[in-house]
Amino acid sequence: MSPLFPALVSGDCAARPALRFGERSLTYGELAAASAPLAERIRDSGRVAVWATPTLETAVGVVAALLAGVPAVPLNPKSGESELGHILSDSRPSVVLAGTADELPDPLRELERIDVDVHHPGGGTALPEAPEAPEDAAALVVYTSGTTGPPKGAVIPRRAIAATLDALADAWQWTGEDVLVHGLPLFHVHGLILGILGPLRRGGAVRHLGRFSAEGVARELNDGATMMFGVPTMYHRLAEVLDGDVELAKALGRARLLVSGSAALPVHDHERITAATGRRVIERYGMTETLMNTSVRVDGEPRPGTVGVPLPGVGLRLVEEDGSTIAAYGTDGAPTGFCDGESVGEIQVRGPNLFTEYLNRPDATAAAFTEDGWFRTGDMAVLDADGYVRIVGRKATDLIKSGGYKIGAGEIENALLEHPAVREAAVTGEPDEDLGERIVAWVVPEGAPDPALGSELSDHVARRLAPHKRPRVVHFLESLPRNDMGKILKRALPKDAE
Ligand code: MCA
Ligand code: AMP
């Protein structure tokens, strides 16, 4: 297959900047020199875990795995014991790639550890990508939450990465001249595939902030960065400070492209940013399993509140509960059916951008596709007459999007129930200005709750799963509302009023 990173393997761009994390950076030549020997070393490994801190080491480690044709499993370095244990026993990596100074938790100490050396001497060597890696070979296994149970590993083939990044290049006129700035985590599709592999596929540069901040964004946009990627919480935080910060407004006004994704950006935040900067934020819609499906195009009409039109190569349809198609819009031809901006159906997609399977979960993989091979996203939407997609909700209320992270109510409930002071637990997502949704726990305690139990339960979830999965609010109740069958009626819970 053709290489995933032509600029890296050709050697033509050796002197061009590729990656920058704070003060540390690599040109394409240096990236080739660092990743080539690492690729050689892991070529015969099974899966390779990557301790995905927001650093050069993570980027080099993932690039090396892709060059070697070995699937990489990015790990959230803040994963709690139970989540990390599940991911390791499910994906069974043989090696873990980490930075020299990283302290790895116990379960990872059992694996062979390779410290990534980003400043390998002898810069300038370029390595051809593994010629044997076919297009449908696994490139990444990315863990994503469902409504119940632990996260599932979505197996993402090389083809999907190439297809999605090239479709975005078409929609955004994204070239090697672009310099991207972002502060997204590197263990999810948004930050890793779009935010690191995207610029590298184009032969352009990325500057990672390590941690998102308005100052960091302004500094980089004032210093030549042309695009920014972020989740709505980041744009909301920018919108909150824009009024009093003329310099930030000027910096954002300089950007060629401001892109938001992973959750809906409220129209109010779109409007505040446009009013202050003169720039429109472009939304795109994707999923771990599908990579990117739709986007507002730079040559199209920006329409806040929509996620744009299907990307090249993506087929999209809206489907009724009974399986009948309401409307469709795909690669071939104009929108058909009820493209009236009112008829709601589940978004189903197909195309080269899709994952191949959930690792070790043939049942879940089969359930995710229709009989005729379309992927059920679980997102509900309407289609406008000109093909713009407007997401109106989600099929499963037990999936929560907080800060752009997808979190299953079930996994948090299970973690809460493991705590000795919890007799019963239910978890809901409530609207939150900053996070989109905040996680709220409803707990029936064993006996009278200690005043500190709320924060203890929150810490317990952070330790077991991950800090972003911790309940932001914990309510104590005498009993949970249940129906005649004993099922918890979440809709009958009082609204969280914070
Ligand atoms: C807080 N912390 C704790 C606890 N409480 N640690 C342990 N125990 C606790 N009880 C720590 C956190 O680890 C963190 O540490 C710090 O306190 C702040 O945490 P938090 O409040 O959760 O973070 P935040 O500042 O509110 O983060 C907002 C954020 C973040 C930066 C917007 O939510 C974020 O990065 N979101 C991006 C999500 C994303 O990339 N989604 C993509 C998946 P420290 O200070 O060390 O950080 S979706 C996807 O990929 C699809 C394909 C798509 O369409 O894009
Ligand atoms: P994840 O499983 O973490 O990859 O999250 C995928 C989900 O994020 C999708 O199914 C959508 O619900 C949501 N999502 C992603 N981008 C957008 C967007 N621009 N607007 C609304 N929802 C989005």
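Procedures and definitions
Residues numbered from 1 in each chain as written. Chains lettered and ligands numbered in written order. Predicted model: local features only at pLDDT ≥ 70, side-chain atom pairs only at ≥ 80, totals over all residues. Heavy atoms only, no water. Helix = DSSP H or I, 4+ residues; strand = E, 2+ residues; numbered from the N terminus. Rg over C-alpha atoms; globule rule 2.2 N^0.38 Å. Buried < 20%, exposed > 50% of the residue type's maximum accessible area, 1.4 Å probe, protein only. Contact = heavy atoms within 4.5 Å. Areas by Shrake-Rupley, 256 points an atom, 1.4 Å probe, with all protein chains shown as cover. Phe/Tyr/Trp six-rings, centres within 6.5 Å; stacked < 30°, edge-to-face > 60°. Near = heavy atom within 4 Å. Polar contact = N/O pair within 3.5 Å; in protein donor to acceptor, adjacent residues only side chain to side chain. Nonpolar A, V, L, I, M, F, W, Y, C, P; charged D, E, K, R; others polar. Pairing = 2+ DSSP bridges. Arc of directions from axis to C-beta. Axes fitted to C-alpha atoms, helices over the stretch in contact; angles between N-to-C directions. Parallel < 35°, antiparallel > 145°, perpendicular 65-115°, else oblique.

**Points about the overall build of the chain**
- Within the chain one finds 14 helices and 27 strands.
- Taking 23 Å as the expected radius of gyration for a compact globule of 498 residues, we find that the chain reaches 22 Å, a close match to that expectation.
- Projected onto the principal axes, the alpha-carbon positions of the chain cover approximately 70 × 55 × 55 Å.
- In the chain, which comprises 498 residues, the proportion classed as buried is 56%.
- Contacts in the chain between residues at least 24 apart in sequence constitute 66% of all its contacts with a sequence separation of at least 6.
- Taken as a whole, the chain presents about 20100 Å² of accessible surface, with 50% of it coming from carbon and sulfur.

**Notes on the packing of aromatic side chains**
- Considering all chains together, one arrives at eight aromatic pairs under this definition.
- Taking 5.6 Å as the distance between ring centres and 85 degrees as the angle between the ring planes, the aromatic pair formed by Trp-174 and Phe-229 counts as edge-to-face. Remark: Phe-229 occurs in strand 11 (residues 227-230) and Trp-174 occurs in the loop between helix 6 (158-172) and strand 9 (179-182); sequence separation between them is 55 residues. Take Trp-174 and Phe-229: they sit in the same class, and that class is buried.
- Here the aromatic rings of Phe-187 and Tyr-405 are separated by 6.3 Å at their centres, their planes lie at 5 degrees, and the arrangement is stacked.

**Some remarks on unusual backbone geometry**
- In this structure, Arg-92 takes a positive phi of about 45 degrees despite not being glycine.
- With respect to the element layout, Arg-92 can be found in the loop between helix 4 (81-91) and strand 5 (95-98).
- Non-glycine residue Gln-173 carries a positive phi angle of around 50 degrees.
- By the secondary structure assignment, Gln-173 is in the loop between helix 6 and strand 9.
- Residue class for Gln-173 comes out partly exposed when judged on its relative accessible area of 45%.

**Some points on the site of ligand 1**
- Of all residues adjacent to ligand 1, which total 26 residues, the nearest are Arg-211, Ser-262, Arg-284, Gly-403 and Asp-459.
- One of the backbone nitrogen or oxygen atoms of Val-189 is found 3.5 Å away from an oxygen atom of ligand 1.
- Within the side chain of Arg-211, a nitrogen or oxygen atom sits 2.8 Å from an oxygen atom of ligand 1.
- Relative to its free-state accessible area of 1100 Å², ligand 1 is covered by the protein chains to the extent of 73%.
- Broken down by secondary-structure element, the contributors of at least two residues to the shell around ligand 1 are helix 7 (189-202), helix 9 (232-242), strand 13 (281-287) and helix 14 (453-464).
- In terms of residue class, the shell around ligand 1 is built from ten nonpolar, eight polar and eight charged.

**A word on the sheet that holds strand 19 (residues 345-350)**
- With antiparallel pairing, six strands are arranged side by side in an open sheet as 18-17-16-19-21-22. Only two strands of the sheet have a single neighbouring strand rather than two, namely strand 18 (336-337) and strand 22 (389-394).
- Here strand 16 (residues 315-319) runs beside strand 17 (residues 325-329); their pairing, made up of four bridges, is antiparallel. When the bridges of strand 17 are listed, Leu-318 appears paired with Ala-327.

**Comments concerning helix 11 (residues 267-277)**
- Buried residues of helix 11: Asp-269, His-270, Ile-273 and Thr-277, and no others. Along the long axis of helix 11, the arc covered by the buried residues comes to 105 degrees, so they all point the same way.
- Immediately beyond the C-terminal end of helix 11, within one or two residues, lies Gly-278, with a positive phi of roughly 80 degrees.

**A short note on the packing of helix 3 (residues 56-68) against helix 7**
- Put simply, helix 3 and helix 7 touch, their axes get as near as 11 Å, and they point 70 degrees apart. The angle between helix 3 and helix 7 falls in the class roughly perpendicular. On helix 7, the residues touching Ala-59, Val-62, Val-63 and Leu-66 of helix 3 are Leu-192, Ile-196, Leu-197 and Leu-200.
- Of the residues assigned to the contact of helix 3 with helix 7, the class counts are eight nonpolar, no polar and no charged.

**Remarks on the site of ligand 2**
- Near ligand 2, the surroundings consist of 15 residues, among which Arg-284, Thr-288, Asp-379, Lys-401 and Lys-406 are the closest.
- Side-chain polar atom of Glu-283 to a nitrogen atom of ligand 2: 3.3 Å apart, as the coordinates give it.
- Here Asp-379 contributes a side-chain N or O atom positioned 2.6 Å from an oxygen atom of ligand 2.
- Considered on its own, ligand 2 offers 500 Å² of accessible surface; in the complex 91% of this is hidden by protein.
- Per-element accounting of the shell around ligand 2 gives the leading share, five residues, to strand 13.
- A class-by-class count of the residues in the shell around ligand 2 yields six nonpolar, four polar and five charged.

Any link to function would need more than the numbers given here.
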